[in-house]
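# Breakdown of the fold
Each chain, letter by letter, is given below.
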Amino acid sequence: MTSSSLKIGSRWAYGERVVEFDGPLNIRQVQVRDLGTGELLPVAMHELKPLPTSIQKKRIEPTMVPQLEWDRALSLARAFEPYVEENCLPRKVTKEIAAQCGLSARQVLRYRAAYQRGATTTTLVRQKGGRPQGLRLLDYRVEQIIQHVITKHYALREKVSKEEVCERVRLLCRRLNLALPDPKTVVKRIREQNDYAFACKQLGTKVAKQSYEARPGKLIVDAPLKLVQIDHTLADILLVDENDPNRVIGRPWLTLAIDVSTRVVLGYFLSFNAPSSISVAMCLAHSMQPKMENFRDPLEWIMYGKPLRILVDNGKDFRSLALIRGCEQHGITLDWRPVRRPHYGAHIERLMGTFMQMVHTLPGTTFSNPQQRGDYPSEKRACLTLREFRAWLVEKICRSYHVRRHRALGKPPLLAWEHAFRCEDGSFDPPPTPMNREALWRDFFPFERRRLQRTGVQFKGTRYWHESFVSLIHPERYVMLHYDPDDLSRIWVRDDDDALIEAKAIAGRAKGEATRYTLSSDEQARLDRIQLEGYERADAIQQTAETRRRQRRRNEAIVAPPISRGKRGGRRNATRHTQTASDTSFIPLDRQSITVEVLS
């Protein structure tokens with residue numbers, strides 16, 4: 001607001017009052033009259049606001065006005081500026097401006113009146129024709145019906161079509177003898193319902209917060225290993241069996257750990273098993289120790305170290321006692337995100353989204369949803385095994401993600417990690433890490449109880465042995481063993497002094513023995529026929545024996561007469577009859593001993 005826009009008699013808003021400008025008092029204050037009470041009030045100029053209008057014109061941004069139109073409006077503004085305080089524009093000046101700008105005298109006067117109200121150049125910019133924004137010409141009763149139908153039938157979690165809303169509005173208006181609105185108008189009113197309350201009713205609070213909730217804060221971590229986020233995701237790819245490439249196993253679970261400060265992938269774990277405390281422990285162990293992948297092939301995966309704080313979600317796998325005690329044992333703070341606040345783990349969520357986009361380029365991918373998948377034959381195209389997918393993932397982490405410029409960092413994560421641990425003399429200061437590898441395995445690797453036999457420890461189809469087991473063998477002894485799910489060639493068994501004994505596989509699956517053979521369909525059908533024939537023959541032998549037993553019992557029943565029991569001497573008579581029958585020899589009857597004579 002400028003001083004030139006203040007005129008005696010003009011009306012303004014002062015707080016919740018409507019006042020009329022009466023004149024200036026001094027350089028800072030003016031005097032206004034309250035139209036409600038007639039009271040004269042001294043107010044500061046900045047406290048006066050323009051009265052709100054029912055129809056607000058769309059504000060014009062000066063930078064969005066074309067140059068030719070801006071030059072035209074600017075020339076008008078400069079022509080009107082000397083005569084702003086005057087009540088009328090001289091006729092001679094009006095004709096000159098009209099001739100200069102190609103306008104009529106009436107158009108010049110209208111532009112001058114608009115300039116006096118706003119005193120800005122944008123008020124002279126020509127706008128597109130049509131109705132002003134926000135103008136509504138429908139009967140207010142029709143507007144109420146439209147709003148009623150939208151609130152009652154459309155603002156619901158159940159999906160209702162816009163056509164049904166238009167039809168309900170039409171029927172209600174016809175019942176009340178009101179003018180029928182155009183369906184396009186009803187659809188326009190629906191689209192205007194774009195506030196947070198409406199989104200909560202139709203989409204739910206969770207989705208509405210994702211769109212409307214303000215998140216002005218930013219997570220700032222100034223040092224590596226100060227905060228690490230861990231989470232799981234089901235990889236969007238189908239893998240096949242190692243021994244039978246034609247058999248699809250399923251989708252693996254991927255556990256990732258990201259260092260928030262440098263955005264590097266600190267560790268991972270890949271398995272077909274559902275997320276559990278084992279997945280988290282394996283990912284932590286892989287994160288804290290130097291990577292074995294670098295020993296096999298220099299991949300520049302130099303990231304390792306003990307994190308100071310870990311942020312995870314509220315799943316059961318992150319609240320296990322073993323994980324909590326393991327973190328407390330090594331001085332790691334374990335924190336959980338607020339419930340139903342996924343944006344608190346935005347860094348790990350975006351990282352997983354990045355790798356899933358890479359996975360979508362592999363054969364056998366399932367994509368993110370059925371719409372993206374379409375008619376793509378994921379099962380037929382699947383060809384990667386778990387071992388191959390793990391090797392592909394390591395390559396993508398080390399030679400793709402770590403060496404690309406990160407948008408938030410402005411440099412690749414690999415360089416961010418190196419700069420964080422590089423000293424002034426150019427040397428590299430290694431990050432803190434648990435040097436006792438056995439203690440780390442004991443605290444984080446999964447464990448199970450197994451019986452220690454004379455031949456060793458049997459675990460997952462493999463037998464393990466160490467010379468130290470000789471002094472521990474006992475018929476009732478059970479030992480605690482730790483194992484690496486990715487490498488079952490060895491296990492670690494606790495002895496009586498709580499020390500770990502590394503036992504190597506000597507027989508079984510881990511040695512390549514007794515590998516399960518996958519039968520083909522023809523082989524399985526042949527074996528099934530042999531097995532079914534064996535069942536039939538065994539049943540026939542059993543049935544023959546049972547038939548012979550039943551026949552023998554019937555024959556014995558025919559030979560032995562019934563035992564009579566009288567009131568007196570019944571038992572003696574029965575005994576005597578039995579002795580007589582036993583003394584007489586009878587030949588059992590069979591079919592060959594029976595002759596048949598035909599009488600004429």
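Look a little higher up for the structure.
Residues numbered from 1 in each chain as written. Predicted model: local features only at pLDDT ≥ 70, side-chain atom pairs only at ≥ 80, totals over all residues. Heavy atoms only, no water.

### Considerations on the pattern of salt bridges
For side chains of opposite charge, pairing can occur when their charged atoms come near one another. Under the definition given, this model contains 18 salt bridges. Here Glu 143 makes a salt bridge to Arg 189, at a shortest N to O gap of 2.7 Å. On the criterion of sequence distance, the pair formed by Glu 143 in helix H4 (residues 140–154) and Arg 189 in helix H6 (residues 183–191) is long-range, its members being 46 residues apart. The exposure class assigned to Arg 189 is buried, which follows from its relative accessible area of 9%. Note that Arg 168 and Glu 164 form a salt bridge whose closest N and O atoms lie 3.4 Å from each other. Taken as a pair, Arg 168 and Glu 164 lie in helix H5 (residues 162–175) at a separation of four residues, close to a single helical turn. Each member of the salt-bridge network shares a partner with another, and the members are Glu 69, Arg 72 and Arg 126. (Salt bridge = Lys/Arg side-chain N within 4 Å of Asp/Glu carboxyl O. Helix = DSSP H or I, 4+ residues; strand = E, 2+ residues; numbered from the N terminus. Buried < 20%, exposed > 50% of the residue type's maximum accessible area, 1.4 Å probe, protein only.)

### Quick notes on the pairing of strand S3 (residues 29–34)
Of the two faces of S3, only one is covered, namely that formed by Val 30, Val 32 and Asp 34; the face formed by Gln 29, Gln 31 and Arg 33 stays uncovered. Looking at chain direction, strand S2 (residues 17–24) and S3 are connected through five bridges and run antiparallel. Paired with Glu 20 across the bridge in S3 is Arg 33. If you look at the hairpin formed by S2 and S3, you'll find four residues sitting between the two strands. In textbook terms, the turn of a hairpin is the stretch between consecutive antiparallel strands, and for S3 and strand S4 (residues 40–44) this stretch comprises five residues, one of which, Gly 38, has a positive phi near 80°. (Pairing = 2+ DSSP bridges.)

### Let's talk about the packing of helix H2 (residues 91–101) against helix H3 (residues 105–118)
Their axes nearest at 9 Å, the elements H2 and H3 cross at an angle of 100°. Between H2 and H3, the interaxial angle falls into the category roughly perpendicular. Together, Thr 94, Ile 97 and Ala 98 of H2 and Ala 105, Val 108 and Leu 109 of H3 make up the contact between the two elements. (Axes fitted to C-alpha atoms, helices over the stretch in contact; angles between N-to-C directions. Parallel < 35°, antiparallel > 145°, perpendicular 65-115°, else oblique. Contact = heavy atoms within 4.5 Å.)

### Some points on the sheet that holds strand S11 (residues 309–312)
The five strands lie next to each other as S10-S9-S6-S11-S12, forming an open sheet whose pairing is mixed. Of all the strands in the sheet, just strand S10 (265–271) and strand S12 (333–336) have a single pairing partner and so form its edges. The sheet shows a mean angle of 20° between the axes of neighbouring strands, direction not considered. Judged from the four bridges that link them, S11 and S12 form a sheet pairing that is parallel. Of the residues in S12, the one forming a bridge with Arg 309 is Thr 333. Contacts between helix H9 (residues 277–288) and the sheet are confined to strand S6 (228–234), strand S9 (253–259), S10 and S11, with S10 contributing the most and set at about 140° to the helix. Along the sheet, helix H12 (residues 346–359) contacts S6, S9 and S10; its crossing angle with S6, the most-contacted strand, is approximately 40°.

### Remarks on the packing of aromatic side chains
One pass over the structure, following the stated rule, counts nine aromatic pairs. Consider the rings of Tyr 268 and Trp 301, whose centres lie 6.0 Å apart with planes at 20°: the pair is stacked. Of this pair, Tyr 268 sits in strand S10 while Trp 301 sits in the loop between helix H10 (292–296) and S11, and the two are 33 residues apart along the sequence. The interplanar angle of 45° and the centroid separation of 4.8 Å between the aromatic rings of Trp 417 and Phe 421 together place this pair among those described as tilted. Taken together, the residues span about one helical turn, with Trp 417 and Phe 421 both in helix H16 (residues 413–421) at a distance of four residues. Accessibility expressed as a relative area gives 0% for Trp 417, which makes it buried. With a relative accessible area of 10%, Phe 421 lands in the buried category. (Phe/Tyr/Trp six-rings, centres within 6.5 Å; stacked < 30°, edge-to-face > 60°.)

### Quick word on the side chain of Arg 263
With respect to the helices and strands, the residue Arg 263 is situated in the loop between S9 and S10. As a buried residue without a salt bridge, Arg 263 has its nearest oppositely charged side chain in Asp 259, at a separation of 7.4 Å. In this structure, Arg 263 is in contact with Ile 258, His 347, Tyr 401, His 406, Ala 408, Leu 409 and Pro 413, ignoring residues within four places of it in sequence. (Lys, Arg positive; Asp, Glu negative; His and termini not counted.)

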